[in-house]
Every structure is written in structure tokens, then in C-alpha cells.
Amino acid sequence: MRVQGIDKMNLNKKKFKKINLKNLVSNENPCSENDTHFIVHCIECNSPKLYILKNYTTGYCFKCDLAYFNNLDIMDNEFSLVDFNSTPKKTINEIVSLSSNELKSIPSKLTSAGERYLLKRNPNIELSRFKITSDNYKVTIPFFYLEKLIYYQNRYFANVNNKHKYYNPRITKKPIYHINNQSKKLIITEGVFDAIACSSFYDDYDFVSILGKSITKYQLWMIRNIRVFEKIVIFLDDTSLSKKLMTSIRNESFIQDVSFEIIESTCADPEEVLLKEIKSRRT
Ligand SMILES: [Zn+2]
């Protein structure tokens, strides 16, 4: 059961406190509660009117109007939590994209060298689906966000002097790579190829790569803006990193009714693990 109204109040106001909500609840003795909230004394006005969600993410004092947020490590100071519960408000035009000139450098077709590289890397890859193109040295993975081309990443497969394996064009805000299956369940991975490998393994999920081990508020917002996800599964190269990421998503977001799961890692990256698994199923 959900108490309508409490959870969405005051989120845009500046009047808030970050505090360890679990401690606050455990210091209250006795502590009253209803189905969804613990009810304790407000540390600002001392009225017994502070309602704290039972997942300890947020609280709200009905007497003095103060909003409370759990104080685990917060990535940046800008006060805005990414709301995972309500309808998206921003439009595709607010998404940071590379300029059309920069996007023109994407090769127009997939060469046979590129195709060979991709199939060697992942025999299950649906080549046409991801619109990956190439020249003789690299494959280029285009990033589509809500159907719009916004970014790309190059993976060099031939030895080219002074080139790293990956090339990420400069952009003011790090985007996500999204594979859209219109699902309400989402798997988050580090790399683009991890997301692609997951998509040949798990049915009925959307997939997002965050291009690294940590997520930015802008990336969270991009994820949130796709649709309301009911389940978020985290699958990074390392289980402790997955846990860390889950904590930061919880702290940076106004999340309710979203369940989290972590796929334990064996310290190889997900692409490697999944492709091994697929091979063993065949034999
Ligand atoms: Zn109060």
C-alpha cells in the first residue's frame, strides 16, 4: 500500500536535510509506524510528524514542511533527485548530442573486416540490429537514444599507431548506450559490448551501458527518461562495484517500487562470462 502525496511532496524545494534516516528511526523509542512509513520526531521542529519511507530513502515532516533524504555518499551537490516514479518531463531536444558534423564521421557501412571482428567477438550478435559500421581498422557503435542518433564509440581492432582500443569522442555529458526492448526491466553494464552480449542472453530486458564503473546524475536522468522501470539489475565486472553502483542509484534517485538485483561477477567482464555460457549450452 502506498500513501499518496507524501512521497512526491517538496522534492523541488530547497528546504531539506540530509541525514542518516535509519539511525533516526532506530533512536526513536517507541517508534510508531503505518504500512509504508515510520513516524518519528522531526529534528527541526520536534513534532512527531516526520514520516520516513520504510526503505529509508526519504522523509517528510508534515508540521514544518522539511524534506529529509538519506545521507549516504552523494555524488554531487546539486539538489535534484532523479525521480523514477513519475512521468518524464524533458524532451529529446534536451539530450546532449554530438554535432551533426561529428556524427558524419561514422562509417556508412559494415566492411567485411568489421563483420569478421564482431562475429569473432560475439557469434550471437545480431549485426543488423545494432547498426554497427566499420572501416578496415575499427568498428563504430552508434548510440541511439529514443530513436535519435546522439553519439558513437569506436573500437579499434587493427593495430594503428598511438590509438587506444576504444575511442570516445569528447562530449560535455557522458551519455548512456541503450538497447531498447520496450521492457520495464533493465540491466545495467559497464561496457557497450557487455550490454550487447547481455541482449543475446537475457530476454525481455532493456540494456544500458554506463561507459564505466560509475553513473552520473545525467545518465540516471537519461535512464529515467526512457520509461518507468520496475526492476533494475546491475551487472558490472566486479560484484563490489555493482553494490556501490546500486547504492549510488538509490541515493541519487527518488525511487520507490523499483526492485534491485545484482548479478554476481566472477571478475571477468559480463561479455566474456555470457559468451562462455552460451557456448557451453550448445555443447
Ligand atoms: Zn518538522
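Residues numbered from 1 in each chain as written. Predicted model: local features only at pLDDT ≥ 70, side-chain atom pairs only at ≥ 80, totals over all residues.

1. Points about the overall build of the chain
So, point 1. When helices and strands are counted, the chain shows 8 helices and 17 strands.
So, point 2. In the chain, 57% of the contacts between residues at least 6 apart in sequence involve partners at least 24 apart. (Helix = DSSP H or I, 4+ residues; strand = E, 2+ residues; numbered from the N terminus. Contact = placed C-beta atoms within 7 Å.)

2. Section: the pairing of strand E15 (residues 231-234)
So, point 1. In terms of strand pairing, strand E13 (residues 185-189) meets E15 through 4 bridges, oriented parallel. If you follow isoleucine 187 over to E15, its bridge partner there is valine 233.
So, point 2. The sheet contact formed by E15 and strand E17 (residues 259-262) spans 4 bridges and is parallel. Its bridge partner lying in E17, valine 233 is registered against glutamate 261. (Pairing = 2+ DSSP bridges.)

3. Regarding helix H5 (residues 192-199)
So, point 1. A large share of H5 lies buried, amounting to 8 of its 8 residues.
So, point 2. Along H5, the residues classified as buried are Val192, Phe193, Asp194, Ala195, Ile196, Ala197, Cys198 and Ser199. (Buried ≥ 20, exposed ≤ 12 C-beta atoms within 10 Å, placed from the backbone.)

4. Looking at the environment of glycine 191
So, point 1. Among the structural elements, glycine 191 can be located in the loop between E13 and H5.
So, point 2. For glycine 191, a count of 21 C-beta atoms within 10 Å gives the class buried.
So, point 3. When the C-alpha positions of glycine 191 and tyrosine 177 are compared, they lie 8.7 Å apart, and in sequence the two are 14 residues distant.

5. A few points about unusual backbone geometry
So, point 1. Not every positive phi belongs to a glycine, and glutamine 182 is a case in point at roughly 55°.
So, point 2. Mapped onto the secondary structure, glutamine 182 falls in the loop between strand E12 (177-179) and E13.
So, point 3. In this model, aspartate 204 sits at a positive phi of 65°, which is unusual for a non-glycine residue.
So, point 4. Its place among the elements puts aspartate 204 in the loop between H5 and strand E14 (206-209).
So, point 5. Among the residues examined, aspartate 204 registers 9 C-beta atoms within 10 Å and is labelled exposed.

6. A few points about the nonpolar core
So, point 1. With 40 residues, the main nonpolar core has Ile188, Ala195 and Val208 as its most contacted residues.
So, point 2. Here this core takes 6 residues from H5, the largest share from any one element.
So, point 3. Setting aside its immediate chain neighbours within four residues, alanine 195 contacts Tyr177, Ile179, Thr189, Phe207, Val208 and Ser209.
So, point 4. Val40, Leu53, Tyr60 and Cys61 belong to the second-largest nonpolar core, a separate cluster that totals 16 residues. (Core = buried A, V, L, I, M, F, W, Y, C linked by C-beta atoms within 7 Å.)

7. Let's talk about the sheet that holds strand E5 (residues 58-61)
So, point 1. What the 6 strands build is an open sheet, ordered E1-E6-E5-E4-E3-E2; its pairing is mixed. Two strands close off the open sheet at either side, each with one partner strand: strand E1 (16-19) and strand E2 (32-33).

8. Some remarks on the sheet that holds strand E8 (residues 133-134)
So, point 1. Strand order across the open sheet formed by 4 strands is E8-E9-E10-E11, with antiparallel pairing between neighbours. Whereas interior strands pair on both sides, the edge strands pair on one side only; in this sheet they are E8 and strand E11 (166-167).

9. A word on the environment of arginine 250
So, point 1. As for its placement among the helices and strands, arginine 250 is situated in helix H7 (residues 239-252).
So, point 2. A count of 19 C-beta atoms within 10 Å places arginine 250 in the partly exposed class.
So, point 3. In sequence terms arginine 250 and phenylalanine 260 are 10 residues apart; their C-alpha atoms lie 9.5 Å from each other.

Structural measurements only, silent on function.
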